[in-house]
Amino acid sequence: MKNINRKITYNTQCNLNALNVSFVKKTTQNLKAIKVKLSSEYHDFLDVFDRAQLNKLLSHRFYDHKIKLINDSIFSCCWIYQMFSVKLLKVKKYLNENLSKKFITLSQTFYFSLILFILKANEDFWFCVNYWKLNVIFKRNKYSLSLIDEIIDKIINCKHLTRLNIISAFNKLWMHLDSKNYITFITALKAYKYKMLSFKLINKLIFFQQYMNDVLWDFLNDFCQVYLDDILIYNKTRKKHKDHIKLVLSWLREAEL
């Protein structure tokens, strides 16, 4: 996941009076800096916007992601790719960072996926795990994503809109204890497995949508809509809108999001 911070601004250039949540590259923001940018009405929720919480996994719960395979299939191992010094250093840096965050741990399973690098626009390399073979033998989750047309229909007559975005959303959820070995990846050093939900798993979007819908269930189709890690709060009156923003923020705090 990219290291990004929230930049909170108040939009006074339109009739919607919307509190916009946008992204900027990583900076040395702290709670004091966030307090300056965030409207005083929401200072009781500074901890919800605290970037220091990004590297913390949630508590184990019912929503730990469990992998179910088709007919108990298992995928075969492959030879690791040859890598030169630049990529090997990137691998070591990635492992050190995620071991310190406790996002990954050593694995001793006999099946694993390979790692690869994707060249980014800035010519840097993005560390990835190739779960193609694993995704082929997954049982697909049939839960549906929110429909954009339905969301638009709900907000069409509203004058006040607020969009919140959950940073590093997929890193917030654990893998089920019975499924961690399935997402083992091999490097030239050792084999490791993720503790949290991996972004490259085929069911991850559907699973996270289901989780977010359950977290904000009491508000859905009333004054709130969720599409993956984006939360849209909408109202016709300003007073109700402020109250509903605080209500959603309080539920996000309770869910450790």
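See the structure shown above.
If you're wondering where the values come from, they're calculated on a predicted model, not measured in any experiment.

Engineer: Which residues make up the nonpolar core, and what are the values?
Structural biologist: If you look at the biggest cluster of nonpolar residues, it comprises 55 residues, and the most contacted ones within it are Phe-185, Tyr-194, Met-212, Ile-231 and Leu-252. Elements with a minimum of two residues in this core: helix H2 (85-100), strand S4 (113-119), strand S5 (125-130), strand S8 (191-194), helix H5 (204-215), strand S9 (224-227), strand S10 (230-235) and helix H6 (238-254). Among the elements that make up this core, the one with the highest residue count is H5 (five residues). If we ignore the near neighbours within four places in the chain, the residues touching Leu-252 are Val-48, Leu-164, Ile-166, Met-212, Ile-231 and Leu-257. Listed in part, the six residues of the second largest apolar core include Ile-151, Leu-161, Leu-232 and Tyr-234.

Engineer: Can you explain H2? Please cite residues and give values.
Structural biologist: With 16 residues, H2 extends 23 Å between its outermost C-alpha atoms, agreeing within 8% with the 22 Å of an ideal straight helix rising 1.5 Å per residue. Along its buried surface, H2 packs onto strand S3 (104-106), S4, S5, strand S7 (184-186) and S8.

Engineer: Give me the lowdown on the pattern of salt bridges, citing residues and values where you can.
Structural biologist: Inspection of every chain in the model, using the stated rule, returns three salt bridges. A salt bridge links Glu-41 to Lys-242; its shortest N-O distance comes to 2.6 Å. Note that Glu-41 is positioned in the loop between helix H1 (31-37) and H2 and Lys-242 in helix H6, a separation of 201 residues in sequence. Judged by relative accessible area, which is 28%, Glu-41 ranks as partly exposed. A salt bridge links Lys-239 to Asp-243, with the shortest nitrogen-to-oxygen separation between them at 3.5 Å. In this pair, Lys-239 and Asp-243 both sit in helix H6, four residues apart, roughly one turn of the helix. Taking relative accessible area as the criterion, Lys-239 reaches 63% and is therefore assigned exposed. Accessibility expressed as a relative area gives 38% for Asp-243, which makes it partly exposed.

Rules and cut-offs
Numbering of residues begins from 1 in every chain and follows the order in which that chain's sequence is written. Local features in this predicted model are restricted to residues whose pLDDT is 70 or higher, and side-chain atom pairs enter the listing and the counts only when it is 80 or higher, whereas totals over whole chains, interfaces and linings include all residues. Based on all heavy atoms of the structure, the side-chain values leave hydrogens and waters out of the count. Throughout this description, the term nonpolar core refers to a set of buried Ala, Val, Leu, Ile, Met, Phe, Trp, Tyr and Cys residues connected via side-chain atoms within 4.5 Å. With a 1.4 Å probe rolled over the protein chains alone, any residue whose accessible area is under 20% of its type maximum counts as buried; one over 50% counts as exposed, and the rest are partly exposed. Secondary structure follows DSSP: runs of H or I at least 4 residues long count as helices, runs of E at least 2 residues long count as strands, and numbering of each begins at the N terminus. The contact rule is simple, with two residues in contact once any of their heavy atoms fall within 4.5 Å. Multiply 1.5 Å by the residue count of a helix minus one, and that product is the helix's expected span. Any carboxyl oxygen of Asp or Glu within 4 Å of a side-chain nitrogen of Lys or Arg constitutes a salt bridge here.

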